[in-house]
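The primary structure of each chain is shown beneath.
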Amino acid sequence: MTSNRPYLVRAIHEWISDNGLTPYLLVDAAWPGVSVPPQAAKDGRVVLNIALRAVAGLELGKEWIYFSARFGGVSQRVEVPLGAVLAIYAQENGQGMMFPAEDAPQAPPPGNGSSDAEAPKKGGHLRVVK
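As a starting point, this report considers the structure included with it. Each chain carries its own residue numbering, running from 1 in the direction its sequence is written. Only residues with pLDDT of 70 or above have their local features reported here, since the model is predicted, and side-chain atom pairs are shown and tallied only from 80 upward, although totals for entire chains, interfaces and linings are computed over all residues. Side-chain measures were taken over the full set of non-hydrogen atoms in the model, leaving aside hydrogen atoms and water.

As a further point, take unusual backbone geometry. Phi is positive for D43, close to 55 degrees, though the residue is something other than glycine. In this fold, D43 is placed in the loop between β1 (23-28) and β2 (45-49). A relative accessible area of 81% places D43 in the exposed class. A run of H or I in DSSP becomes a helix once it reaches four residues, and a run of E becomes a strand once it reaches two; helices and strands are each numbered from the N terminus. Type-normalised accessible area, obtained with a 1.4 Å probe on protein chains alone, sets the label of each residue: buried when under 20%, exposed when over 50%, and partly exposed for intermediate values.

Structure representation (structure tokens):
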């Protein structure tokens, strides 16, 4: 079966919001793929306000959470894989849910036998045609 984490995050976000409270995410900032401003992380974790009034373009997907938020007055795109979410809770009273830590995905080891065709290409191969 697929992970229940994305469904629970969406449901608890809605429950907290419907009660007029502020949903916060606790995220493992060291998880591969997490994109948050470095100054926002403390002790390898970051707390993100995901209230609809605080973010723009909130997407609570099955594998990722995306939105734009202001950090130090500057709007920045935030990307969080669902595996990095440690908790979602209401800022005002702490009600919500913690999630068990998952093992971070491992990058494939170098020289794993992949062909050159799969390797990322450097630079473009475009030229001006007259």
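Take the sheet that holds strand β5 (residues 74-81) next. Pairing between two strands is assigned when DSSP locates at least 2 bridges connecting them. Spatial strand order, β3-β4-β5: three strands in an open sheet with antiparallel pairing. Two strands bound the open sheet, and with one partner strand each, they are β3 (56-60) and β5. In this sheet, adjacent strand axes meet at a mean angle of 25 degrees when their direction is disregarded. Both β3 and strand β4 (residues 64-71) contribute to a ladder of three bridges, which runs antiparallel. Every axis in this analysis is a line fitted to C-alpha atoms, fitted for helices over the stretch in contact. Angles between the N-to-C directions lie between 0 and 180 degrees.

This part covers helix α1 (residues 5-18). One fewer than the residue count of a helix, multiplied by 1.5 Å, yields its expected span. Compared with an ideal rise of 1.5 Å per residue, which puts 14 residues at 20 Å, α1 spans 20 Å between its outermost C-alpha atoms and is within 8% of the ideal. Contacts are assigned to residue pairs with any non-hydrogen atoms lying within 4.5 Å of each other. On the buried face of α1, the contacting elements are β1, β3, β4, β6 (85-90) and β7 (96-98). Note on α1: the residue one or two positions beyond its end, G20, has a positive phi of about 75 degrees.

A separate point is the environment of G44. Counting through the fold element by element, G44 comes out in the loop between β1 and β2. Along the chain, G44 and A30 lie 14 residues apart, while their C-alpha atoms are 5.9 Å from each other. With sequence-adjacent residues up to four places away left out, G44 is seen in contact with V27, D28, A29 and A30.

This next bit is on the sheet that holds β2. Ordered by their spatial adjacency, four strands build an open sheet running β2-β1-β6-β7, and the pairing between neighbours is antiparallel. Two strands bound the open sheet, and with one partner strand each, they are β2 and β7. Averaged over all neighbouring strand pairs, the angle between strand axes comes to 20 degrees, with direction disregarded. Across five bridges, the pairing between β1 and β2 is antiparallel. Paired with D28 across the bridge in β2 is R45. Seen against the sheet, α1 touches β1, β6 and β7 and runs at an angle of roughly 15 degrees to β6.

To continue, consider the packing of aromatic side chains. Centre distance within 6.5 Å is the pairing criterion for rings of Phe, Tyr and Trp, where only the six-membered ring of Trp is used; planes under 30 degrees apart are then read as stacked, over 60 as edge-to-face, and the remainder as tilted. Within this structure, the stated rule accounts for two aromatic pairs. Summarising the aromatic geometry, the rings of W64 and Y66 are spaced 5.9 Å apart at their centres and angled 10 degrees between planes, so their arrangement reads as stacked. On the basis of relative accessibility, which here comes to 28%, the residue W64 falls in the partly exposed class. Here Y66 falls in the partly exposed class, since its relative accessible area comes to 24%.

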